[in-house]
Amino acid sequence: MVKPTPDSLRRVGTASPLLMPSDAAPPTPLVIGGENIPRGKRVRLDLPVARLPTGTMLPLPVTVINGKKPGPRLWLSAAIHGDELNGVDIIRRVARAIQPHRLHGAVIAVPVVNIFGLLEQSRYLPDRRDLNRSFPGSARGSMASRLAALFMREVVSHCTHGIDLHTAAIHRINLPQVRADLQDPATYAFAQAFGAPVILHASHRDGSLRQAAAKRHIPTLLYEAGEALRFDEEAIQTGVDGIYRVMAYLGMYAPPGTPPPPSVEAQETRWVRASRGGIWHRAIALGDEVKQRQPLGFISDTFGDKPVQVRSPMAGIVIGHGQNPLVNQGDALVHVASVRAAIEPEQ
């Protein structure tokens, strides 16, 4: 894995040529949706997305906080999958707290990207497409493709960095974790600054927002924590703290905050799957360390007969697991990450 040199990493509040695409400040003025956002102002925009069958225009709600002084531009996005809600509250807390006169650069906050999915409490858009497999999109494509193109044009194109907030899929739960391309030095440093309990190397998926941003050389993090259609206070607060640390690291903002806990890095993960259908009796929890061949639980029939042990294929830490005890053969049960030693935060 390619890592930044010690000189390329920095403490909060100092300059970082590694993290900026160029030495020059981002171009001004900041114009989104045809509206000029003055420096030192907070502006709420509703970008037109599509007209519903009723004739009502459905907008993409965006809050732009343009700092008093120039600096990096960071986007925060959530609910690309409409049933993943923790990020919505993370962005609410951060956007309401930022004071424009103390901000260097700009924050573009989009708490609900997939507004259609949010209304339907669904991961998908009405055309049953996954928005996070539709980037960079096309203004003449499907609904998902058009929404992706709008987001790239009006949000990503203005930014130097991005954080996309997610939860696990329905009936699963994730330990707070950052997924990023750790082989890219700028992104690796960006992930370290966030300070999540687990930093996971993840290659880019075709059609994902993270892949589309990487092609524009924009360091982007994907934060995963909690479960769909639920608020999880620990997951939310970890996300809020991580965003503050990132903004401080970039020299954008320096609110009081707690230092990050030690993080562990993971290069490999594996889902342990059910070898048979039945009732799943889980014996581990998020964050547990497990050994190779350690029992994770067992599957039985409804009477508890003929139990089948489920064991970990490798040593590591539990970063996610299924929530539904009713399982079919092949269902994902436990997500294990093979981790390296903890990374101690800078003092």
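Up top you'll find the structure we're talking about.
This write-up is about the structure you can find in this document.

Each value, and the rule that gives it
- Residues numbered from 1 in each chain as written.
- Predicted model: local features only at pLDDT ≥ 70, side-chain atom pairs only at ≥ 80, totals over all residues.
- Heavy atoms only, no water.
- Phe/Tyr/Trp six-rings, centres within 6.5 Å; stacked < 30°, edge-to-face > 60°.
- Helix = DSSP H or I, 4+ residues; strand = E, 2+ residues; numbered from the N terminus.
- Buried < 20%, exposed > 50% of the residue type's maximum accessible area, 1.4 Å probe, protein only.
- Polar contact = N/O pair within 3.5 Å; in protein donor to acceptor, adjacent residues only side chain to side chain.
- Contact = heavy atoms within 4.5 Å.
- Core = buried A, V, L, I, M, F, W, Y, C linked by side-chain atoms within 4.5 Å.
- Expected span 1.5 Å × (residues − 1).

1. A closer look at the packing of aromatic side chains
Within the structure shown, the criterion is met by 3 aromatic pairs. Pairing W75 with F151 gives two aromatic rings, centres 6.3 Å apart and planes at 85°, and the pair type is edge-to-face. With a gap of 76 residues between them, W75 in strand β5 (residues 69-78) and F151 in helix α3 (residues 143-154) connect regions that are remote in the sequence. As far as the burial class goes, W75 and F151 line up, both buried. Summarising the aromatic geometry, the rings of F135 and F151 are spaced 6.3 Å apart at their centres and angled 75° between planes, so their arrangement reads as edge-to-face. One end of the pair, F135, is in the loop between α2 (115-120) and α3; the other, F151, is in helix α3, with 16 residues separating them in the sequence. Ring pairing ties together the aromatic residues W75, F135 and F151, which thus form one cluster.

2. So, the side chain of N174
Checked against the element boundaries, N174 lands in strand β8 (residues 172-180). Of note is the side chain of N174, whose polar atom sits 2.9 Å from the side chain of E224. Discounting chain neighbours no more than four positions away, the residues touching N174 are T167, A168, R179, E224, A225, G226, L286, I319 and G320.

3. Things to note about the nonpolar core
In terms of nonpolar packing, the biggest core is built from 39 residues, with I163, F194, I243 and M247 touching the most fellow members. Considering every element that reaches this core, the biggest residue donor is helix α6 (residues 233-249), with 8 residues. Ignoring sequence-local partners within four residues, the contact set of I163 consists of L74, W75, L76, S77, F190, F194, L221, I243 and V246. By size, the runner-up hydrophobic cluster in this structure holds 37 residues, among which are L47, A79, V112 and L131.

4. Brief notes about α3
Note: α-helices contain 3.6 residues per turn, so residues at a spacing of three or four share the same orientation. Helix length check: α3, at 12 residues, gives a terminal C-alpha distance of 16 Å against a target of 16 Å (1.5 Å per residue), a fit within 8%. For α3, a buried count of 9 out of 12 residues is recorded, marking the element as mostly surrounded by other parts of the structure. Packed against the buried residues of α3 are β1 (30-32), β3 (41-51), β4 (57-66), β5, β6 (104-110) and α5 (209-214).

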